[in-house]
Amino acid sequence: MGLTKQYLRYVASAVFGVIASQKANITFVQLRGERGRYVAVAACEHVFIWDIRKGEKVLILCGNKHEVTYLCAAPDGHHLAVGYEDGAIRIFNVMTGESNVTFNGHKASVTVLNYDSLGARLVSGSKDTEIIIWDIINESGLYRLKGHKDAITNVVFLKGRNFLVSSSKDTLVKWWDLDTQHCFQTMVGHRSEVWGFVLLANEKRIMTGSSDSELRTWDICYLDEEKEAGEPNVKKMKSPFENTEVTEKELNENPEDRILRCQKIGSVFRQGRDRVVSLATDTSNKIIACHGTDSVLEVFKVLSEEEVNKMINKKQKKAKKKAKQKAESGESDGNLEPEVERTLNDEIQRVTNIKASGKIKSFNFLLLPNGELKVVMLLQNNTVEAYNLNVTVKVPECTKTARVTIAGHRTDARTIAFSSDNIAVLSASAETVKIWNRSTLQCIRTMACEYALCSLFVPGDRQIILGTKSGKLQLFDLSSGNLLETHDAHDGAVWSISLTPDQRGFVSGSADKMVKFWEFELVKDENITKTRLSLNHIRTLQLDEDILSVCYSPNQRLLAVSLLDCTVKVFYTDTLKFFLSLYGHKLPVLCMDISDDSNLIATGSADRNVKIWGLEFGDCHKSLFAHDDSVMSLRFVPKTHLLFTAGKDRKIKQWDADKFEHIQTLEGHHGEVWCIAISPNGDHIVSSSHDKSLRLWERTREPIILEEEREMQREAEFEESMAKGNEPLVPGEKEGEAGLAGKKTIETVKAAERIMEAIELYREESKKLEEYYQACKVSGKKLPPPTNPILAACGNISPSLYVLDVIRKVKSSEMEESLLVLPFSYIPDLLTLFNEYIQLSLEVELICRCLFFLLRIHFGQITSNQMLLTVIDSLRKNTIGKINEMKDVLGFNMAGLQFLQREIEAKEDVSFFADATEKFQEKKRKRKKQERAILMVM
C-alpha cells in the first residue's frame, strides 16, 4: 500500500544560549593537566565544560532527556559523576567525554553526590529521602540507607573511618556505620531544615548551615580514641551552654553514644539573614565559604593551633596591661592575672565577603599551595564569574578574573526571528538582543535594548526592529551594532509586529488598543553623509480591546488582529473595513498565523486549544486540544499547511491543518516554551524557553508514518509504566534502614528476559542433544548433529556457554535487579550451570556474585528442595576452592608489586608515592625552624 501523504521528521540539532542551568551546581574539573581553569556546569540535559580564562566551551557531555541536577568531580580529576532529574547517575570520562557507567536507584531527582577519598565509592542522596552507596570499580550498587523523612541536602564519607554523615530537610543530621549499615547517631539540635554541613579539624568538628544566619558548630568525640588514650570511665565534658557531666551510667542508657559524642560548642554568625544555600570547605579544611539567597559569598578562615595560641597570648597581654593600668588608678579589684577565654570566633575568622553581580546559585573554590584562593560562581542570571583572593595577606583583596556572559541572555528570550537567508537567528530578552550564526551557533552581535516582546528582520537583513514592553519601537543596524532610532510608538506594550508581504513596511499591535501602520523610508543622517533607514507612521486603527497579536495575509488583502476579548477581528488592509470576526475561544488568543496561500488562519489560545479557520467565510474547520497549558506560539511551515505550536507544557507539536492530525511532538525543553521561529525554507526551527536555552531543530529526510509513530509511542508508554510498577519483594528481607541499591527499570526487565530466553534455549538444546545421542545409539551410525542458528551466529558455542555470554553482557549495575525479576523455575538450571562454570574456572568472580545473590533471595525455596541438595553441596566445595585459588593469585601479585616498590624506593632513595603537599609542608616547617634558630643566635 502506497503512502498517501509523507511527512518528514524534525530532530533536535543543538542547544545554545544557555551558559549554565540553575538547577545544578558548578564544579572545577581537571582537564589537560590544569587545575582551576576549567569548570563543569549543567546545561539542561547536557554538561558543558568551560574554559573560564578564554570564555570558550571546550567539551559537551551529552545527556538523554532528563535535566542535570548535581555534578561531582572525582578525586582523580579524570571523571565526573552527573545526577539527573529521574534519579539516574552517569559517570563521564572528562578526557574523552564518554560515559560507560549508569546507575539507576533513585525514584526522584538526585540532590547530592560525593566520592570517598580514594574515588572507589560514590554516595548519592535524592528527593526520595534515600541514600545509596555505589561501587565505582565494580560498577554496581552496594546498598541503600533509609531513615530521613525529607530530601537529602548533603552526604559525606569520613576519611579515617567507615562512617557516613548525612543532612536533610527533615532538620536532622545522621551518622551511619557502613559496616553494619545502620544509623548510630542523630543530631537533633536544629529547628528548621539543614541545608548543608562541613567537617573540620580532621573530622573532629562539624559545622551546619540552616534556615537562619547561624552556623552551628559541634565537637565530635570518638570514644575508641579516648580509650586508647587511657581516658577514665567518667568523662567530664563542660559545654559553654550546659554544665553537665556524661557518666558511664548515661552511656548505658544511650548506647548510641558508645561510638561518638557530639556537643555543641558555639556558632559563627553570617551577615546574611536568609537561609544557607551552599556551605563548603576546601580539601585541607582551612577555608570555609557559604552564601544565602543573595549575591554575597562569605569567606571564613580556620586558624591553626599555633595561630590561635598566638592570638590568645596577645589578648592575655592586653588584658594584663589593662588590669595593671586600672590597679594603678585604683579602679581594679586586685586581679592582675585576668583569664582570657578561648571562643569559637578565635578559631574561625571572617576573611572577606565577595560581592557577585547577581544572585549566587552555586559556587566552588580551590586553595592553591601559595595561599591563592580561586572561586568560581554560578549566578541566577545565566552567568559564570571567577574571582581570585589571597588569604595569606592581612587585608585580602578580591579581584574578578573572568566572566562568561556572551554565550547567553541574562533573562528569558521572549522573541526570536530568522533572517531571509536562513543563516542568522535573532533572539531578544529584557536587556539585550543577540544575533546568532545558525551553522556555528556562535553569537556574532550583542546589542543593549529595552524589554523586547516581538522582533523582525528588515528586508535585506541589515537592520532589525524590536517592539518593547514600554511601547517603543527600536531600530538597530547590524553591521555597526548601533541603535539607529527609537520611536515612542504606543502607550502600552507592543505585543506583536508583522511585516507587510510587499516588504515596504510593517504593522504593530499594542496593549493601548491601537494598530499602527509603518513604512520604511530613507533619510539623511546628520552625522553621516550617507542615507539610512528610518520608520514613518502612516495610519492608525483604533479598537475597543487590548491587541495581543497581528498578522498580515500573504496576499496582503487582509489583516487579522487578536483582541483581549477572546476574538480575532479580520480587516481589509486597504480600507481598514471590518471583514470577519472569529469567535469560539474561551480565553484570549495569544498567537496566530496565516498559511502561504491565504486560505487558512490558525489561532492558539490560553485555553490550550488551536482552532483552524477558513479565511474566505470565517468558518471553523477544526478545534484541536493542542497542549496541556497555554499555547504561546504558532507558525505555519512555509508553502505548506503544516503548522507548529509551542506551549507552556514544554512541548512543541507539529500538526496537519488539512487532515487535522497530530504528526510529531518535539520534546527537550525543561521550561515553558515562549516562542518559535521557522526558517523561510522550512528546514530549521528555533525555540526559546524559560530554561534560558535556545534549541535548534532540523528537518531530516526520514519519513514519518503516523501508524508506526503512534505504535512506538504506545510501546514507550507501556515500557515506562512497566518500569514504574511495584518493586519486587525480596523473600525473608524485612523493611529496615538498609535495602538493595538498584531499582526496577525497563533495562533490568529486558536483561531478565534475555537470561530467561537463554535458559529456555539451553533446555531445548539439551533435550535435542539427548535425543540425538539416543538416535545415534539406536541406529549405530553417526548422524549429523542438530544446529541452532543463534548458537551458530555466536560461533557454534555450546548452549551453556551461550547462557554465560548473555549473563556477561548484563550491565554490572543492573545485575542484581535483573536476577531479582527471574522466576524461581529458572533458578535450578542456573545453579547447575554455575557449578559447571566454576569447575571450568569461567568468570569465577561474576558467577560467585550471582550465586551468592540468588542464594540470599531464594534461600528458603533452595534449602527445602531436595533435588538441589547435590548441586548446592558441589557448589560449596568448588566455590571455596576456586576462591582460595584466586586469593592466592591476588596475594602473590600484591607481594610481587610491594617487592618491586621497595626495590625502586631503595634504588632512588626517595618515597615512591610521596604526596607533593606533604613535601611542601615539610619544607615550610624546616624553613621556619631555621629562621627561629637564626633569631635565637642573633
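Note on numbering: residues in each chain are counted from 1, in written sequence order. Local features in this predicted model are restricted to residues whose pLDDT is 70 or higher, and side-chain atom pairs enter the listing and the counts only when it is 80 or higher, whereas totals over whole chains, interfaces and linings include all residues. Note: side-chain values were computed over all heavy atoms of the structure, leaving out hydrogens and water.

Student: I'd like a description of the overall build of the chain, backed by residues and values.
Tutor: Strands are runs of DSSP state E lasting at least two residues, helices are runs of H or I lasting at least four, and both sets are numbered from the N terminus onward. Assigned secondary structure in the chain consists of 14 helices and 57 strands. Once the C-alpha set of the chain is aligned to its principal axes, its extents read approximately 125 × 100 × 60 Å. Burial analysis of the chain (938 residues in total) assigns 50% to the buried set. What makes two residues a contact is simply this: any of their non-hydrogen atoms within 4.5 Å. Taking the intrachain contacts of the chain between residues at least 6 apart in sequence as the baseline, contacts between residues at least 24 apart amount to 49%. The method behind every accessible area is Shrake-Rupley, applied with a 1.4 Å probe, and residues are considered shielded solely by the protein chains displayed. By element, 50% of the accessible surface of the chain is carried by carbon and sulfur atoms, the whole surface being about 47,100 Å². None of His or the chain ends enter the tally, which takes Lys and Arg as positive and Asp and Glu as negative. Throughout, a charge is located at the NZ atom of Lys, the CZ atom of Arg, the CG atom of Asp or the CD atom of Glu. Once the 124 positive and 130 negative side-chain charges of the chain are each reduced to a mean point, those two points are 4 Å apart. Think of it in three bands: residues with accessible area under 20% of the maximum for their type are buried, residues over 50% are exposed, and the middle band is partly exposed, with areas taken using a 1.4 Å probe on protein chains only.

Student: Lay out the sheet that holds strand β45 (residues 578–582) in plain terms, naming residues and giving numbers.
Tutor: Two strands pair under a simple rule: DSSP has to find at least two bridges between them. As summarised here, the arrangement of the four strands in space is β42-β43-β44-β45, forming an open sheet in which the pairing is antiparallel. Across the chains shown, the open sheet's two edge strands, defined by having one partner strand only, are β42 (547–552) and β45. The mean angle between the axes of side-by-side strands here comes to 20°, regardless of whether they run parallel or antiparallel. With five bridges connecting them, β42 and strand β43 (residues 558–563) associate as antiparallel partners. Following the sheet pairing, S549 is matched in β43 by S562. Axis lines are fitted to C-alpha atoms, over the contacting stretch for helices. Their N-to-C directions set the angle, which ranges from 0 to 180 degrees.

Student: I'd like a rundown of the environment of K586, residues and numbers included.
Tutor: Position of K586 relative to the elements: it lies in the loop between β45 and β46 (589–594). Taking relative accessible area as the criterion, K586 reaches 72% and is therefore assigned exposed. For K586 and K320, which are 266 residues apart along the polypeptide, the C-alpha to C-alpha distance reads 83 Å.

Student: So what's going on with the sheet that holds strand β20 (residues 214–222)? Which residues, and what values?
Tutor: Ordered by their spatial adjacency, four strands build an open sheet running β18-β19-β20-β21, and the pairing between neighbours is antiparallel. In this open sheet, the two strands that pair with only one neighbour each are β18 (196–200) and β21 (260–269). Across the sheet, the axes of successive neighbouring strands diverge by a mean angle of 25°, strand direction being ignored. Judged from the five bridges that link them, strand β19 (residues 205–209) and β20 form a sheet pairing that is antiparallel. Bridging from a neighbouring strand, M207 pairs with T217 of β20.

Student: Could you give an account of the confidence of the model for the chain, with specific residues and numbers?
Tutor: Mean pLDDT over the chain stands at 86; residues scoring 70 or higher make up 91%. Of the regions scoring below 50 in pLDDT, residues 231–246 engages in 22 contacts with residues more than four places distant in sequence or in other chains. pLDDT expresses how confident the predictor is about each individual residue, on a scale running from 0 to 100.

Student: Explain the packing of aromatic side chains to me, and be specific about the residues and the numbers.
Tutor: Ring pairs shown here join Phe, Tyr and Trp side chains whose ring centres sit within 6.5 Å, with only the six-membered ring taken for Trp; geometry is labelled stacked below 30 degrees between planes, edge-to-face above 60, and tilted in between. Per the counting criterion, the structure on display carries 11 aromatic pairs. Taking the centre distance of 5.9 Å and the plane angle of 5° together, the rings of F363 and F365 count as stacked. For F363, a relative accessible area of 6% gives the class buried. Judged by its relative accessible area of 7%, F365 falls in the buried class. An aromatic cluster is defined as three or more aromatic residues linked by ring pairs; in this entry it consists of F506, W518 and F520.

Student: Which residues make up the pattern of salt bridges, and what values go with them?
Tutor: The working definition used for a salt bridge is a side-chain nitrogen of Lys or Arg within 4 Å of a carboxyl oxygen of Asp or Glu. Counted according to the given criterion, the structure contains 34 salt bridges. The closest approach of N and O atoms between K315 and D346, which form a salt bridge, is 2.6 Å. Note that K315 is positioned in helix α3 (residues 305–329) and D346 in helix α4 (residues 344–347), a separation of 31 residues in sequence. Taking relative accessible area as the criterion, D346 reaches 4% and is therefore assigned buried. Among the charged side chains, a network of salt bridges with common partners joins E34, R37, D51 and R53.

Student: Account for the packing of helix α10 (residues 827–839) against helix α11 (residues 844–857), naming residues and giving values.
Tutor: As a packed pair, α10 and α11 sit with axes 10 Å apart at the nearest point and diverge in direction by 145°. As for how α10 packs across α11, the hand of that crossing is left-handed. Contacts between α10 and α11 involve I827, L830, L831, F834, Y837 and I838 from the first element and I847, C850, L851 and L854 from the second. Under the scheme applied, nonpolar residues are Ala, Val, Leu, Ile, Met, Phe, Trp, Tyr, Cys and Pro; charged residues are Asp, Glu, Lys and Arg; polar residues are all the others, including Gly. Here the contact of α10 with α11 is built from residues that sort into 10 nonpolar, no polar and no charged. Crossings are assigned a handedness: left-handed for a near helix turned anticlockwise from the far helix by less than a right angle, right-handed for a clockwise turn.

Student: Residue-level account of helix α13 (residues 869–908), with values.
Tutor: Helix length check: α13, at 40 residues, gives a terminal C-alpha distance of 58 Å against a target of 58 Å (1.5 Å per residue), a fit within 8%. Residues V871, S874, L875, T879 and K882 constitute the buried set of α13. In this structure, the buried residues of α13 make contact with α10 and α11. One less than the residue count of a helix, multiplied by 1.5 Å, gives the span that helix is expected to have.

Student: Please give an account of the nonpolar core that cites residues and values.
Tutor: Note on terminology: a nonpolar core comprises buried Ala, Val, Leu, Ile, Met, Phe, Trp, Tyr and Cys residues joined through side-chain atoms within 4.5 Å. By size, the foremost hydrophobic cluster in this structure holds 40 residues, and its most contacted members are I755, V803, I807, L819, L831 and F834. Looking at this core, the elements with two or more residues in it are α6 (746–779), α8 (799–809), α9 (815–821), α10, α11 and α13. Apart from the residues lying within four places of it in its own chain, the contact partners of I755 are V806, I807, V810, L819 and L822. Of all hydrophobic cores here, the second largest spans 19 residues; its members include V15, F28, A43 and F48.

Student: How would you summarise a nonpolar patch on the surface if you had to cite specific residues and measurements?
Tutor: Patch construction takes residues with relative accessible area above 30% that form no salt bridge. Like charges are linked within 9 Å, and nonpolar side chains (Val, Leu, Ile, Met, Phe, Trp, Tyr) are linked within 5 Å. Where nonpolar side chains cluster on the molecular surface, the patch consists of M894, L897, F899, L900 and I904 and spans about 480 Å² of accessible area. Within the secondary structure, L900 is located in helix α13. The partly exposed category is assigned to L900, whose relative accessible area is 48%.

Student: Outline the packing of α10 against α13, listing residues and values.
Tutor: Where α10 meets α13, the axes come as close as 9 Å, and the angle between the chain directions of the two elements is 30°. Taken as axis vectors, α10 and α13 run roughly parallel relative to one another. Read as a crossing pair, α10 and α13 show a hand that is left-handed. Touching L831, T832, F834, N835, I838 and Q839 of α10 are V871, I872, S874, L875, N878, T879 and K882, all from α13. Taken together, the residues of the contact of α10 with α13 break down into six nonpolar, six polar and one charged. Each angle gets one of four labels, with under 35 degrees taken as roughly parallel, over 145 as roughly antiparallel, 65 to 115 as roughly perpendicular, and the rest as oblique.

Student: Before we move on, can you summarise the pairing of strand β34 (residues 452–457) with the specific residues and values?
Tutor: Along a regular strand, successive side chains alternate from one face of the sheet to the other. Among the six residues in β34, six count as buried, and that is most of the element. Bridge count for β34 against strand β35 (residues 463–468) is five bridges, and the pairing is antiparallel. In the sheet register, F457 faces β35, and the bridge partner there is I464. Linkage of β34 to β35, two consecutive antiparallel strands, is achieved through a turn of five residues, within which G460 is found at a positive phi near 105°.

Student: Quick one: what's the story with the state of the cysteines, residue by residue and with numbers?
Tutor: Here a disulfide denotes a covalent bond joining the sulfur atom of one cysteine to the sulfur atom of another. When two cysteine sulfur atoms are found within 2.5 Å, that pair is recorded as a disulfide. Under the criterion given, the structure shown has zero disulfides. Here C62 stays free of any disulfide, with the sulfur of C44 as its closest cysteine sulfur at 13 Å. Residue C62 is classed as partly exposed on the basis of its relative accessible area, which comes to 45%. Of all cysteine sulfurs in the structure, the one in C848 sits closest to C850, which takes part in no disulfide; the separation is 9.4 Å.

Student: I'd like a description of the pairing of strand β7 (residues 79–84), backed by residues and values.
Tutor: Summarising burial for β7: five of the six residues are buried, a large majority. Bridge analysis of strand β6 (residues 68–73) against β7 gives five bridges, and the strand direction is antiparallel. In the strand pairing of β7, Y70 is matched with G83. Sheet topology note: the β7/strand β8 (residues 88–93) ladder contains five bridges and is antiparallel. What sits directly across from V82, in β8, is R90.

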